[in-house]
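# Structure assessment
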Amino acid sequence: MEPVLRFLQLLCENHNLFLQNFLRNQKSKTNYNLISKTLMFLDCICGSTTGGLGLLGLYINEHNVSLINQTLETLTEYCQGPCHENQNCIATHESNGLHIITALILSDINPLAKARMDLVLELKNNASKLLLAIMESRADSENAERILQSMHIDQLLDMVCNLYHQESMDDDEFFEEGSPDSDDGVSPKEVGHNIYILCHQLAKHHKGLEELLSKSGNEKLGKALTHYRENTAQIEIVRSDRTMEQIVFPIPEICNYLTRETKQRVYQTAERDEQGTKVTDFFEKCNDMFIEMQWQKKLKSQAVLSTISNYMSIWSRLLFLLALMNNLIVAFFYPYTSHLPNVNGHVNGLLWVVLLIALAIVVSFQRRIFMYLLGSISIVRLIFSVGPEPTLWLLGSANVLIKGIHLVSLMGNKGTFAKRLEQQVTDSELLYHVIYLVFCVLGLSVHPFCYSVLLFDVVYREETLLNVMRSVTRNGWSIVLTAALALILVYMFSIIGYMFFRNDFVVDVTDNDIDWEIIQSHINERVENFVSTALSTRQKQSEVCEIGVDCTQDDHHSLDLRELVDGITHEMMAEVEDSKEEACSTLLMCIVTTLNHGLRSGGGIGDILRAPSNKENLFAPRVIYDLLFFFVIIIIVLNLIFGVIIDTFADLRSEKQNSEEILKNSCFICGLTRSSFDNKAVNFEDHIKHEHNMWHYLYFYVQVNVKDPTEFTGPESYVYTLVKEKDLNWFPRMRAMSLSIGETEGELNEVRCLNAKLDRTQALVDSLVYQLTELKDEMTKQQKYRNRRGILSTTSNYNSHQYGQSGMGMDTMHQYQ
């Protein structure tokens, strides 16, 4: 029977609805309902037909447990897809089918459990999957209520609790080396998780079970339920007939390796302008996040690299603080002196006291701000102890080391080591951090001014500053075209200036190539002439004084040597400063002068040209020329460029505000706003946390990628097919099941139930019509046969009467006949 059941299971593989229905009804004269026969076979082999429903252990042993598992798997494959008729066939069968399935979950199945607990867990796992398959994708509660009638919910919860708290020693016993089927075994927690999902699905139709799952007074049970609740996700999908369905599934273990930094990055950078674009962008990132999870799982086997990668955000903050401290030291102390900064004894002692106090605060409170304060005080103390240059060298070395660690952690988190060389080279983020490391090395080995480039990291870290940069680059082509227009206009004005106002282009210049030695020799020559003249004059005065002439007032007419030198110097500098030069001798010089001085002057090119007299012939054209340059170039064109930049920045700021508003007040998955959930059974926070949690959709994407396709449920198979085709119609858009309860969705559910009943009734009527037709044909044939017999009988009687009247005997008549 086991290969036969396996054959029947494979007929229905991949949810073949046609064969699922065919196994139940062949639409022939002799119909064999193999669904019911399989269920009855399960009852027989488990001993329920002998009245031993509560004594499963007497009938289940190591020899027939594989057959029972195969029977459960075959029954599960009959139902999944879903096939509602097969579900109803199993749930409504008059045998003990549901009771035996629930008994497999709730009973201990001793003595098999004492010897082979792994086989018992496999039985319970398959039985729970079968019950979930019977309720799969159903809008009504009929089958769920029948399942609830066949069990006690307290026993179900106790089984969940016992499986969660099962001793690890038991796990080792049935997974030990050499144990049969140990590779295919399931852990008690996995079985308990499946049973918990069964409880979750049944709780929708049983208020008492729902309350027990949400609020459990038992600490042991509460711990188990909390664990399973945190590792269970639910989503809502849209079927091909536009009906909505809720899926509850265990979160794959690999999803625990998704880093918090990745979540924040995806959440903040996802497209949010339109519903379709938003979901599409998120779906495209799902595969990258799945690859990152796989790499993170592989990374855990490498202890050192895993430890480094776990603190990537800490390395990033330390790098920025070190870059800031390096630049502060360079700003305050460059160029360096050989001696230490002067500090008196009181300040020196005060620094030590403050350092010790900061250390005590950090040890006591362990807050991040106190750690930063302790680091800053330590650096100040180090500067005054060993000097700024050794301190800068020490901080630069730490900067290079930490940046190397940060780069390795970044490559580890992103799985760069597992990517191709082409992907590594084209990774812009990785290239940025490599350049950052290069400047760290240059600052340490070449010149400390290279540390100033590291301050641009604040632009990379802050979104507001990124928007400032984007305001220039986002509409860069518009700015380039406007600047090209400005160059064309400047070129036109340069041509006009060269043709008509060439002599007005006279600008003040300072010759930087002045030969100061010639000026110094000229000053020395004039000083020597002055000194020789002064000496000859004084000699003549002394000769006059010798003959008795009063010469006390002659010194007031002598000049001071210092004043003479200052006067000569000011005179020479005035000559240098007052030198002028023609700036429009060629058209190229005219263009350069107009571009350089015209755009930088507030009033345009007229600010640097010669002021014309109103008596000149070209006075009026010159005024028009200056005004046109001012209005066209300065006011219009330059403001156009500034306007593009300012408008772009305003748009980016508005987009950021809109994005934050969308993040706060609309669902990422369906796009419904917060106001849609006002005065509803489910509020907005519960909706985005439980019903349409964006990360639960990622987890389901991972689920259909890591799960064996032959083990898919009906919804998983449906979504997997659409995922391969990159079809996103299974995402709910502007819809939520919680908003439809009691309204249109409730009515649609009733209509679907009525349609299902009508379909079943119609199928029954068709079957009856077919049987009646066959019966009518059979009766018609019998009637014709009887009519022929009646004619023959009438003919015989008539002949007998005729021959009797003619005196013929009976022998003659029989011969005739």
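Values in this document were obtained by computation on a predicted structure and should not be read as measured data.

### So, the overall build of the protein chain
The secondary structure content of the protein chain amounts to 36 helices and four strands. Looking at the protein chain as a whole, 38% of its 817 residues qualify as buried. Sequence-distant contacts, at least 24 apart, represent 73% of the contacts inside the protein chain between residues at least 6 apart. Surface summary for the protein chain: the accessible area is close to 47,500 Å², and the carbon and sulfur share equals 57%.

### Some remarks on the packing of aromatic side chains
Each aromatic ring pair is described using two quantities: the centre-to-centre distance and the angle formed by the ring planes. Throughout the structure, instances matching the rule amount to 20 aromatic pairs. When the ring of Phe18 is compared with that of Phe22, the centres are 6.3 Å apart and the planes differ by 20°; the resulting orientation is stacked. Linking Phe18 with Phe22, this pair stays in helix α2 (residues 17-24), spanning four residues, or about one helical turn. Between Tyr164 and Tyr228, the aromatic rings sit 5.7 Å apart at their centres with planes inclined by 75°, giving edge-to-face as the arrangement. Residue Tyr164 is found in helix α10 (residues 153-164), and its partner Tyr228 is found in helix α14 (residues 219-230); the two are separated by 64 residues along the sequence. Like Tyr164, the residue Tyr228 is buried in the burial classification. The cationic tip of Lys263 hangs over the ring face of Trp695; the distance from NZ or CZ to the ring centre is 5.6 Å. The ring of Tyr498 has Arg502 lying over it, and the distance from NZ or CZ to the ring centre is 4.3 Å.

### Description of the nonpolar core
Counting residues in hydrophobic clusters, the biggest one holds 65 residues, and the most contacted among them are Leu42, Ile60, Leu131, Ile134, Ile195 and Leu202. Looking at this core, the element that brings in the most residues is helix α8 (residues 117-134), giving nine residues. When sequence neighbours within four positions are dropped, the list of residues in contact with Ile134 reads Cys79, Gln87, Ile90, Ala91, Leu98, Asn143 and Ile147.

### Details of the state of the cysteines
Enumeration according to the criterion identifies one disulfide in this entry. Lacking any disulfide linkage, Cys12 is separated from the closest cysteine sulfur, that of Cys83, by 8.1 Å. Residue classification places Cys12 among the buried positions, given a relative accessible area of 0%.

### Quick look at unusual backbone geometry
In this structure, the amide linkage connecting Asn110 to the following residue, Pro111, adopts the cis form with an omega of 10°. Looking at where Pro111 falls in the secondary structure, it is placed in the loop between α6 (97-106) and α7 (112-115). Residues Tyr334 and Pro335 are joined by a peptide bond in cis, for which omega reads -5°. On the secondary structure map, Pro335 appears in the loop between α18 (312-333) and α19 (345-365). One non-glycine residue, Asn14, adopts positive backbone phi at about 60°. Considering the arrangement of structural elements, one finds Asn14 in the loop between α1 (2-11) and α2.

### With respect to the pattern of salt bridges
Counted by the stated rule, this structure contains 13 salt bridges. Residue Arg610 pairs with Glu616 through a salt bridge whose shortest N-O separation is 3.1 Å. With relative accessibility at 33%, the residue Arg610 sits in the partly exposed group. Arg622 serves as the salt-bridge partner of Asp626, at 3.0 Å between the closest nitrogen and oxygen. With a gap of four residues between them, Asp626 and Arg622 both fall in helix α30 (residues 619-665), about one helical turn apart. Judged on exposure class, the residue Asp626 and its partner Arg622 are both buried. Via salt bridges that share partners, Asp504, Arg610, Glu616, Arg622 and Asp626 belong to a single interconnected network.

### Observations concerning the pairing of strand β1 (residues 232-238)
Burial within β1 is extensive, with seven of its seven residues counted as buried. Here β1 shows no split at all, with Thr232, Gln234, Glu236 and Val238 on one side and Ala233, Ile235 and Ile237 on the other all buried. Here β1 pairs with strand β2 (residues 244-250) via seven bridges, running antiparallel. Bridging across to β2, Glu236 finds its partner in Gln246. Taken together, β1 and the strand that follows it, β2, pair antiparallel across an intervening segment of five residues, in which Arg242 is found at a positive phi of about 70°.

### A word on the environment of Thr586
Summarising the element assignment, Thr586 is placed in the loop between β4 (580-582) and α29 (587-600). It is 7.7 Å that separates the C-alpha atoms of Thr586 and Tyr498, two residues lying 88 residues apart in sequence. In this structure the side chain of Thr586 is engaged in a polar contact, spanning 3.2 Å, whose partner is the backbone nitrogen of Met589.

### Digging into the environment of Asn705
Along the polypeptide, Asn705 turns up in helix α32 (residues 694-706). By relative accessible area, which is 35% here, Asn705 ends up partly exposed. Side-chain polar atoms of Asn705 contact the backbone oxygen of Tyr701, separated by 2.6 Å.

### Re the packing of α32 against helix α33 (residues 714-724)
At a closest axis distance of 10 Å, the pairing of α32 and α33 adopts a crossing angle of 90°. Considering the angle they form, α32 stands roughly perpendicular to α33. In contact with Phe700, Tyr701, Gln703 and Val704 of α32, α33 contributes Glu716, Val719, Tyr720 and Val723. Counted by class, the contact of α32 with α33 contains six nonpolar, one polar and one charged residues.

### Side note on the side chain of Ser409
Within the secondary structure layout, Ser409 lies in helix α21 (residues 388-414). Since its relative accessible area comes to 0%, Ser409 is described here as buried. Side-chain polar atoms of Ser409 contact the backbone oxygen of His406, separated by 2.7 Å. In contact with Ser409, other than residues within four places in its own chain, are Ile308, Ser309, Met312 and Trp315.

### Some details on the environment of Asn693
With respect to the helices and strands, the residue Asn693 is situated in the loop between α31 (684-691) and α32. A sequence separation of 458 residues divides Asn693 from Ile235, and the C-alpha atoms of the two residues are 7.4 Å apart. If near-sequence neighbours (up to four positions away) are discounted, Asn693 is found in contact with His687 and Ile688. At 3.1 Å, the side chain of Asn693 and the backbone oxygen of Lys689 are in polar contact.

What counts as what
- Residues numbered from 1 in each chain as written.
- Predicted model: local features only at pLDDT ≥ 70, side-chain atom pairs only at ≥ 80, totals over all residues.
- Heavy atoms only, no water.
- Helix = DSSP H or I, 4+ residues; strand = E, 2+ residues; numbered from the N terminus.
- Buried < 20%, exposed > 50% of the residue type's maximum accessible area, 1.4 Å probe, protein only.
- Contact = heavy atoms within 4.5 Å.
- Areas by Shrake-Rupley, 256 points an atom, 1.4 Å probe, with all protein chains shown as cover.
- Phe/Tyr/Trp six-rings, centres within 6.5 Å; stacked < 30°, edge-to-face > 60°.
- Lys NZ or Arg CZ within 6 Å of the ring centre and 35° of its normal.
- Core = buried A, V, L, I, M, F, W, Y, C linked by side-chain atoms within 4.5 Å.
- Disulfide = S-S within 2.5 Å.
- Salt bridge = Lys/Arg side-chain N within 4 Å of Asp/Glu carboxyl O.
- Pairing = 2+ DSSP bridges.
- Polar contact = N/O pair within 3.5 Å; in protein donor to acceptor, adjacent residues only side chain to side chain.
- Axes fitted to C-alpha atoms, helices over the stretch in contact; angles between N-to-C directions.
- Parallel < 35°, antiparallel > 145°, perpendicular 65-115°, else oblique.
- Nonpolar A, V, L, I, M, F, W, Y, C, P; charged D, E, K, R; others polar.

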